[in-house]
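The residues making up each chain are set out below.
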Amino acid sequence: MAFTSQRLTIVSLLLLIVGLCCESARLPAPGPNLSTTPTPSRTTTSNPNPTPSGNDTPMSLAELFELAMPEIGVQMRRKLVVSNNNQEGSKVASKQLQAIEHKISEFKSVLKKRLADPKTSEQMRECLSQCQQNFEDAIDGVKTSIESIDKKDIPKANVDVSAISTDVNTCHDCFIQMIGEDKEIRAFDEWVRGVTGDCLINLQKH
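Here the residue numbering is sequential within each chain, running from 1 through the sequence in written order. A pLDDT threshold of at least 70 governs which residues receive local features in this predicted model, and a stricter bar of 80 or more applies before side-chain atom pairs are shown or counted, although totals over entire chains, interfaces and linings include all residues. Side-chain measures were taken over the full set of non-hydrogen atoms in the model, leaving aside hydrogen atoms and water.

1. Focus: the environment of serine 121
1) Next: Here a helix means four or more residues in a row that DSSP labels H or I, a strand means two or more in a row labelled E, and each is numbered from the N terminus. Within the secondary structure, serine 121 sits in the loop between helix 4 (89-116) and helix 5 (122-150).
2) Next: C-alpha of serine 121 to C-alpha of isoleucine 179: the two residues are 58 residues apart in sequence and 9.7 Å apart in space.

2. Some words on the state of the cysteines
Working definition: the covalent bond between the sulfur atoms of two cysteines is a disulfide.
1) Next: In this description, the term disulfide denotes a pair of cysteine sulfurs within 2.5 Å. By the definition in use, this model includes two disulfides.
2) Next: Between cysteine 127 and cysteine 174 runs a disulfide, and the two sulfur atoms are separated by 2.2 Å. A torsion of -85 degrees about the S-S bond marks the disulfide between cysteine 127 and cysteine 174 as left-handed. Here cysteine 174 lies in helix 6 (residues 154-178) and cysteine 127 lies in helix 5, a separation of 47 residues in the sequence.
3) Next: Counting its disulfide-bonded cysteines in sequence order, the protein shows a connectivity of 1-4, 2-3.

3. Brief notes about the environment of isoleucine 164
1) Next: Relative to the assigned elements, isoleucine 164 resides in helix 6.
2) Next: Residue classification places isoleucine 164 among the buried positions, given a relative accessible area of 0%.
3) Next: Distance from isoleucine 164 to glutamate 101, taken between C-alpha atoms, is 9.8 Å for residues 63 residues apart in sequence.
4) Next: Pairs of residues are marked as contacts when any of their non-hydrogen atoms sit within 4.5 Å. Each residue touching isoleucine 164, except ones within four places of it in the same chain, is listed here: Leu97, Ile100, Ala138, Gly141, Val142, Ser145, Val192 and Thr196. Each residue gets one of three labels from its accessible area relative to the maximum for its type: buried under 20%, exposed over 50%, partly exposed in between, using a 1.4 Å probe on protein chains only.

4. Some thoughts on unusual backbone geometry
1) Next: Even without a glycine there, the phi angle at lysine 152 is positive, about 60 degrees.
2) Next: Topologically, lysine 152 is positioned in the loop between helix 5 and helix 6.

5. A short note on the pattern of salt bridges
1) Next: Salt bridge, as used here, is a side-chain nitrogen of Lys or Arg placed within 4 Å of a carboxyl oxygen of Asp or Glu. Within the structure shown, the criterion is met by seven salt bridges.
2) Next: A salt bridge links glutamate 106 to lysine 103; the shortest N-O distance between them is 3.2 Å. Of this pair, glutamate 106 and lysine 103 are both found in helix 4, three residues apart, which corresponds to roughly one turn of the helix.
3) Next: For lysine 103, a relative accessible area of 8% gives the class buried.

6. Overview of the confidence of the model for the protein
1) Next: Note on scores: pLDDT gives the predictor's confidence for each residue, bounded by 0 and 100. Across the protein, the average pLDDT comes to 75, with 57% of residues at or above 70.
2) Next: Confidence drops under pLDDT 50 across residues 29-64; counting only partners more than four residues distant or on other chains, this segment forms seven contacts.
3) Next: Scored below 50 in pLDDT, residues 67-84 shows 30 contacts in the model against residues more than four places distant or in partner chains.

7. A word on the environment of glutamine 96
1) Next: The residue glutamine 96 is located in helix 4 in this model.
2) Next: When the C-alpha positions of glutamine 96 and threonine 196 are compared, they lie 7.9 Å apart, and in sequence the two are 100 residues distant.

8. Digging into the packing of helix 4 against helix 6
1) Next: At a closest axis distance of 13 Å, the pairing of helix 4 and helix 6 adopts a crossing angle of 20 degrees. Relative to helix 6, the element helix 4 lies roughly parallel. Crossing hand, helix 4 versus helix 6: left-handed. Listed contacts from helix 6 to Ser90, Leu97, Ile100 and Arg114 of helix 4 are Ile154, Val161, Ile164 and Phe175.
2) Next: Under the scheme applied here, ten amino acids are nonpolar (Ala, Val, Leu, Ile, Met, Phe, Trp, Tyr, Cys and Pro), four are charged (Asp, Glu, Lys and Arg), and all others, including Gly, are polar. Split by residue class, the contact of helix 4 with helix 6 holds six nonpolar, one polar and one charged. To get an axis, a line is fitted to the C-alpha atoms, and for a helix only the part in contact is used. The angle between two axes follows their N-to-C directions and goes from 0 to 180 degrees. For classification purposes, an angle smaller than 35 degrees is called roughly parallel, one larger than 145 roughly antiparallel, one from 65 to 115 roughly perpendicular, and anything else oblique. It is the rotation of the near helix from the far one that decides the hand of a crossing: anticlockwise by less than a right angle makes it left-handed, clockwise makes it right-handed.

See below:
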């Protein structure tokens, strides 16, 4: 019995040693610390309404007209309406009329290029030709308006200024009736109506 008990003790110790060896074999060997702080991934979100560059989205013709007149024109309408300086009204109106004449001459050149384009339809050619004459009449109206202002004939100046807007609007009407609305013509017509409207307001302050 003693021998058997001693034998069992030895077997138990051997099993314990084997178990410890197996447990040690399963543990990972220590090594250098290779852990690095993970770099957060850069996420890109697409903007559903990207801001266009200046060349991708050209400015409208009406905006170009306004930017070309930083000191006079439709941009000063609110300022002029609330002005109490009656002596300056006629002078400002004359400057606005000079700006109108200059812009009409420039816009005529734009229409000439469209008229010379071989792709231009016959109906559009007819309207473009009519617009050239309408704009000539408008330029004459500008000169007549300035003469009336210089002569201090304000009632006649009011009629002359209104005729300028009518001439340009006649060009616009041709497109509407024969072809359909033209964006450039409409923008110019609205601009002229805005500035001539300012002139009529200023002429009341002569």
